Amino acid sequence: MTSDQLTRSGGPAAPTADPTGRLPFVVYVLAVGTFLMLTTEFVVAGLLPEIAGDLQVSVAQAGLLITVFAVGMVVGAPTMALLTRRMPRRTTLVLALVVFAVGHLVVALGSSFALLLAARFVTAFATGAFWAVASVAATRAAGPGSSARALGLVGAGGMLANVLGVPLGAFAGQRSGWRGPFWALAVLALAAVPLVARHVRRDEDEQQPVPLRSELGAMRSGRLWLVLAACATTTGGVLSVYSFISPLLTDRAGLGPGWVPLVLVGFGVGSLVGTIYGGRLGDVRPHATTIAVAASTTVVLLALLLLSARAVPTVLLVVLLGLLGLSANPVLSALAVRFAGVAPTLGVAMSVSAYNLGTAIGSGIAGSALESGLGATGPVLVGTGIAALTLVPTIALAVLGRRSPAGGRA
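Residues numbered from 1 in each chain as written. Predicted model: local features only at pLDDT ≥ 70, side-chain atom pairs only at ≥ 80, totals over all residues. Heavy atoms only, no water.

(A) A look at the overall build of the chain. Across its full length, the chain holds 19 helices and zero strands. Considering the chain as a whole, with its 410 residues, one finds that 54% of them fall into the buried category. For the chain, the proportion of contacts with a sequence separation of at least 24, taken over those separated by at least 6, is 83%. Put simply, the chain shows about 17200 Å² of open surface, and 69% of that area lies on carbon and sulfur atoms. (Helix = DSSP H or I, 4+ residues; strand = E, 2+ residues; numbered from the N terminus. Buried < 20%, exposed > 50% of the residue type's maximum accessible area, 1.4 Å probe, protein only. Contact = heavy atoms within 4.5 Å. Areas by Shrake-Rupley, 256 points an atom, 1.4 Å probe, with all protein chains shown as cover.)

(B) View of the packing of aromatic side chains. Per the counting criterion, the structure on display carries three aromatic pairs. Ring centres of F121 and F125 lie 5.1 Å apart, and the angle between their planes is 55 degrees; this geometry places the pair in the tilted category. Placement of both F121 and F125 in helix α7 (residues 113-142) is noted, with a separation of four residues, approximately one turn of the helix. By relative accessible area, F121 is classed as partly exposed at 29%. Ring centres of W178 and F182 lie 5.9 Å apart, and the angle between their planes is 80 degrees; this geometry places the pair in the edge-to-face category. Both residues of the pair, W178 and F182, count as buried. (Phe/Tyr/Trp six-rings, centres within 6.5 Å; stacked < 30°, edge-to-face > 60°.)

(C) Spotlight on unusual backbone geometry. A positive phi angle, near 60 degrees, is found at Q56, a position not held by glycine. Mapped onto the elements of the fold, Q56 is located in the loop between α3 (48-55) and α4 (59-62).

(D) View of the pattern of salt bridges. Scanning the entire structure with this criterion turns up one salt bridge. R179 is the salt-bridge partner of D54, the closest N and O atoms lying 3.1 Å from each other. Here R179 lies in the loop between α8 (147-176) and α9 (180-199) and D54 lies in helix α3, a separation of 125 residues in the sequence. (Salt bridge = Lys/Arg side-chain N within 4 Å of Asp/Glu carboxyl O.)

(E) Looking closely at the packing of helix α5 (residues 64-83) against helix α17 (residues 344-370). Here α5 crosses α17 at 170 degrees, and the two axes come no closer than 8 Å. Judged on the interaxial angle alone, α17 and α5 are roughly antiparallel. Contact residues: α5 offers A70, M73, V74, A77, P78, A81 and L82, while α17 offers T345, L346, A349, M350, V352, S353, N356 and L357. Within the contact of α5 with α17, the residues separate by chemical class into 12 nonpolar, three polar and no charged. (Axes fitted to C-alpha atoms, helices over the stretch in contact; angles between N-to-C directions. Parallel < 35°, antiparallel > 145°, perpendicular 65-115°, else oblique. Nonpolar A, V, L, I, M, F, W, Y, C, P; charged D, E, K, R; others polar.)

(F) Quick look at helix α12 (residues 245-252). Every buried residue of α12 is listed here: I245, P247, L248 and L249. Where α12 terminates, the next one or two residues include G254, which has phi positive at roughly 80 degrees.

(G) Molecular detail of the packing of helix α2 (residues 25-43) against α7. Where α2 meets α7, the closest approach of the two axes is 10 Å, and the angle between their N-to-C directions is 155 degrees. It follows that α2 is roughly antiparallel to α7 by the angle criterion. The chirality of how α2 crosses α7 is left-handed. Contacts between α2 and α7 pair V26, V27, L30, G33, T34, M37, L38, T40 and E41 from the former with R120, T127, F130, W131, A134, A137, A138 and A141 from the latter. Tallied by class, the residues present in the contact of α2 with α7 amount to 11 nonpolar, four polar and two charged. (Left-handed = near helix turned anticlockwise from the far one by under 90°.)

(H) Expanded view of helix α18 (residues 378-389). The end-to-end C-alpha distance of α18, which contains 12 residues, comes to 17 Å, matching closely the 16 Å that a straight helix rising 1.5 Å per residue would cover. For α18, the complete set of buried residues consists of G378, P379, V380, V382, G383, T384, I386 and A387. For α18, the elements touching its buried residues are α11 (222-242), α12, α14 (286-307), α17 and α19 (391-403). (Expected span 1.5 Å × (residues − 1).)

(I) Representation of the environment of I51. With respect to the helices and strands, the residue I51 is situated in helix α3. Overall, I51 belongs to the buried group, its relative accessible area being 0%. When the C-alpha atoms of I51 and L65 are compared, they prove to be 9.9 Å apart, with 14 residues separating the residues in sequence. Discounting chain neighbours no more than four positions away, the residues touching I51 are V44, A62, L65 and W178.

Put into structure tokens, the structure is as follows:
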């Protein structure tokens, strides 16, 4: 935007790429938001006995607080992308944080299990909206040359939740009451509101409203649906194993229960590092990165299946799974933005839905395999098969990319 245009629009000039290669500060602000969002999604898992005892429901019933959140993310991300399509991104992000905070206050104060389920579902809608809009805002702020790296950093906020937010929340909740982490998340979300309001640009003067028909028409992109398929199988393969890693470590590898949290921290640290560097590689060679990650993840899971009776290789392979397994997610999200064309927010919202749908289906199948004659190795076998399926859409995307100059770099 020129100085003349700046004067006429009354807004700040569009961000330009930092010649030093640094990402804009707003990307870090948005990563803080995703840290809060992923912490609330998984912190319940460490507090199920306390929640069940307080609300006088079974642990299995308390687990519905996780299930309903996942369903809310699947439905909520694209729904909120459509409902907020004419709203400035900054306004949508602020409202999402406020709804997020209110939902957590309801959980912290509520005594009715049905009310808590409803609050979790609404909170998931806000989480889906924040994640989708934050992803687009981050790519716009970073510019096309650093979009995958920016999404990698935003995603790293979510990975950091597994390393820091979830363990701390579970630890605090087990000692001070399970409602404490929900109070803390509500306060932190409200504290993030002024940061988002200050650093996310006011963009309503820059973007022209896109007709709803055009946005929905963009969903007909075959490449977009290949990306969404890869999103589902990537997370489905990895998290179907992660969800049932405890019996694999204790029953199969022979580790004591006290080692399980440490191994999970190793997985989380690996995921954090992999997400950041996967985004960097994806900016240069997106298709090659997604294929390499799918192939290497399948190999790691196959090795885990074969070596899971031995403690040391199992631990190392779980950490390696964290490093590799989800490292292509920021690249896939960037491709979803690209192939959605005029509907980038809806495209990335669909990717959020695909990630959660893959997790729900994969963990469901893995749970059935765990109860079968395969025992603790059942989820690993399921995860290996799902991860291998990722090669189909990623290779197809690479082939299409070579055929068309618009397909992007290999």
